[in-house]
Amino acid sequence: MPHQPKKEMPTSVKGMHDVLPEDFTYLERVIKEAKRVSEFYGCSQIATPHLEKTELFVRPLGDTSDVVEKQMYNLRTRGGDRLSLRPEATVSVMRAYHENGMQSLPQPVKLFSAGAFFRHENPQAGRFREFHQANIEIIGDDDAISDALVIRIFVSTLQSLGLKDIIININTLGDKQDRVVYRKELVAYYRKHIDMLCKDCKRRIKENPLRLLDCKVPGCGALKDGAPPMVDYLGEFSKKHFAEVLEYLDEISIPYFLDSHLVRGLDYYGRTIFEVFPSDADGENPPALGGGGRYDDLSEMMWGKRVPAVGSAMGVERVVDLMKKKGLKPRSDTKPKIFLIQLGPAAKKKSLILLEELRKIGVPIAQSLSKDSLRSQLNIVHKLGIPVAVILGQKEALDGTVGVRNMETGVQETLPFEKFIGTIKARLKEFS
Ligand code: HAM
């Protein structure tokens, strides 16, 4: 036989992966919990498109930021438009706020959103090219209580997922005027140590000095401790605002670490910024579970009108990873506690009616309708560890009854179909 060249099997794109059923339950659980908590605190849900005009991101995130310089997935349409896959949510949500006249709603407008985001980063543990975030944005409010509320929602979500030991690294970047003075001081300090800086930082000193504080190269990192702290350069207003944020956090007993050299990778921030970590995180630069802060100047920069705002984004994969490390299971409300066993052609037909009746009253049920033998269906019941089997055989199908077997005790009873539907919800409570 002639030699057949080996066919390259198409695979997924580097840094992007399938979310398989087991992981999906985790992912969904985290997003659902974030949504549930945020709704309690008055957020409504919004979804923005995955593709946006490139220009939407360039200025707000910073044209010298890593995200804009190296990580955006940019494309050009046939008509010549420059578009980008969204690398984050905040700017899009602010765009949607303006484009949809949300300024006329009672302020602040509190919005929750979740979905996939794209950054062309070096894939490694906890860092992907397609990942999910759950976002909160509180738009149209200056009050420090909104900063505290955003952090409250983040921490409460983690707590109700079972992640109790959390620490917030927090800082303030002051307002625009404060930063002008601070930048000068920072540049003066780093210029004294210019020979010790990496190539990127030599560039940052001219382009974006605040980023010097974010460099992970050991030599530059060591200089950070001696750098002037932002807190020494705050104006009265920023100082008071930050003190209030911290007072609120104290009041609700959320532990924080004042990191006076904390900066964020995106340019739109001013005043409060924070990142969230597990308190037992180890290693030099543990990945943050999420982060956020105030972006009071973003609206003016892009839409010409000052609209103060604050928000956060939770890295869903990182939270899932931590849940797994801690042995926390995604409690699933929809995990079936009943399995339908059907035997014979008449029962198979009736089983479709039974399933639909249960769906209508919100009782999840597992089944394997394509299997015909009792043994193979029982095997699945055992494998899934389902406590109740509903048996619909030829006789039951003719009588209008079902058999209900407690798989733990082996006790089986026969019930008229209507009685079964009417009582099953209450009976299942025994198995929760
Ligand atoms: P960010 O710090 O760029 O902030 O991202 C927030 C979180 O998303 C990170 O802390 C991390 O958990 C997760 N994340 C970021 N990049 C990746 C990646 N490549 N792979 C996996 N997870 C990742 C923002 O995006 C801001 N928009 C947050 C915000 C909202 N600020 C105000 N409102």
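Look up: the structure comes first, before these words.
Residues numbered from 1 in each chain as written. Predicted model: local features only at pLDDT ≥ 70, side-chain atom pairs only at ≥ 80, totals over all residues. Heavy atoms only, no water.

Asks: When you look at the sheet that holds strand E14 (residues 388-392) in this model, what are you seeing that I'm missing?
Replies: Across the sheet, which stays open at both edges, the five strands sit in the order E13-E12-E14-E15-E16 with mixed pairing between neighbours. A single partner strand is all that each edge strand has here, and the edge strands are strand E13 (365-367) and strand E16 (412-416). With direction set aside, neighbouring strand axes in the sheet form an average angle of 30°. Relative to strand E15 (residues 401-406), E14 is paired through four bridges, and the arrangement is antiparallel. Bridging across to E15, Ala-389 finds its partner in Arg-405. Running at roughly 175° to strand E12 (residues 338-342), helix H13 (residues 374-384) makes contact with E12, E13 and E15 of the sheet. With respect to the sheet, helix H15 (residues 417-428) is in contact with E12, E14, E15 and E16, its orientation differing from that of E16 by roughly 125°. (Pairing = 2+ DSSP bridges. Helix = DSSP H or I, 4+ residues; strand = E, 2+ residues; numbered from the N terminus. Axes fitted to C-alpha atoms, helices over the stretch in contact; angles between N-to-C directions. Contact = heavy atoms within 4.5 Å.)

Asks: It is not clear to me how the sheet that holds strand E3 (residues 74-76) should be interpreted in this structure. Could you clarify?
Replies: Within a sheet, neighbouring strands are paired by backbone hydrogen bonds and run either parallel or antiparallel to one another. Reading across from one edge, E2-E4-E3 is the order of the three strands in this open sheet, with antiparallel pairing throughout. Across the chains shown, the open sheet's two edge strands, defined by having one partner strand only, are strand E2 (51-53) and E3. The mean angle between the axes of side-by-side strands here comes to 35°, regardless of whether they run parallel or antiparallel. As paired strands, E3 and strand E4 (residues 82-85) are joined by three bridges and run antiparallel to one another.

Asks: Sorry if this is basic, but what is going on with the pairing of E16 here?
Replies: Successive residues of a regular strand alternate their side chains across the two faces of the sheet. Taken together, the five bridges between E15 and E16 define a ladder with antiparallel strand orientation. When the sheet's bridge partners are listed, Arg-405 is paired in E16 with Gln-412. What sits between E15 and E16 in their antiparallel hairpin is a turn of five residues, with Gly-410 showing a positive phi close to 80°.

Asks: For this particular structure, what's the right way to read the packing of aromatic side chains?
Replies: Both the distance between ring centres and the angle between the ring planes are used here to describe each pair of aromatic rings. Tallying each qualifying case throughout the model produces six aromatic pairs. An angle of 80° between the planes, with centres 5.0 Å apart, marks the rings of Tyr-189 and Tyr-190 as edge-to-face. Residue Tyr-190 is classed as buried on the basis of its relative accessible area, which comes to 1%. Following the ring pairs from residue to residue traces out a cluster consisting of Tyr-268, Tyr-269 and Tyr-295. Directly above the ring of Phe-117 sits Arg-86, whose terminal nitrogen or CZ lies 4.2 Å from the centroid. (Phe/Tyr/Trp six-rings, centres within 6.5 Å; stacked < 30°, edge-to-face > 60°. Buried < 20%, exposed > 50% of the residue type's maximum accessible area, 1.4 Å probe, protein only. Lys NZ or Arg CZ within 6 Å of the ring centre and 35° of its normal.)

Asks: Would you mind showing me how to read the site of the ligand here?
Replies: In the region of the ligand, 26 residues are neighbours, and Glu-88, Glu-121, Phe-128, Glu-137 and Tyr-269 sit closest. Residue Phe-128 places a main-chain N or O atom 2.8 Å away from a nitrogen atom belonging to the ligand. For the ligand, an oxygen atom lies 3.4 Å from a polar atom in the backbone of Leu-289. Relative to its unbound accessible area of 660 Å², the ligand is 95% covered by the protein chains. When contributions to the shell around the ligand are tallied by element, the ones reaching two or more residues are strand E6 (130-139), strand E10 (290-294) and strand E11 (309-315). Classifying every residue of the shell around the ligand gives nine nonpolar, 10 polar and seven charged. (Near = heavy atom within 4 Å. Polar contact = N/O pair within 3.5 Å; in protein donor to acceptor, adjacent residues only side chain to side chain. Areas by Shrake-Rupley, 256 points an atom, 1.4 Å probe, with all protein chains shown as cover. Nonpolar A, V, L, I, M, F, W, Y, C, P; charged D, E, K, R; others polar.)

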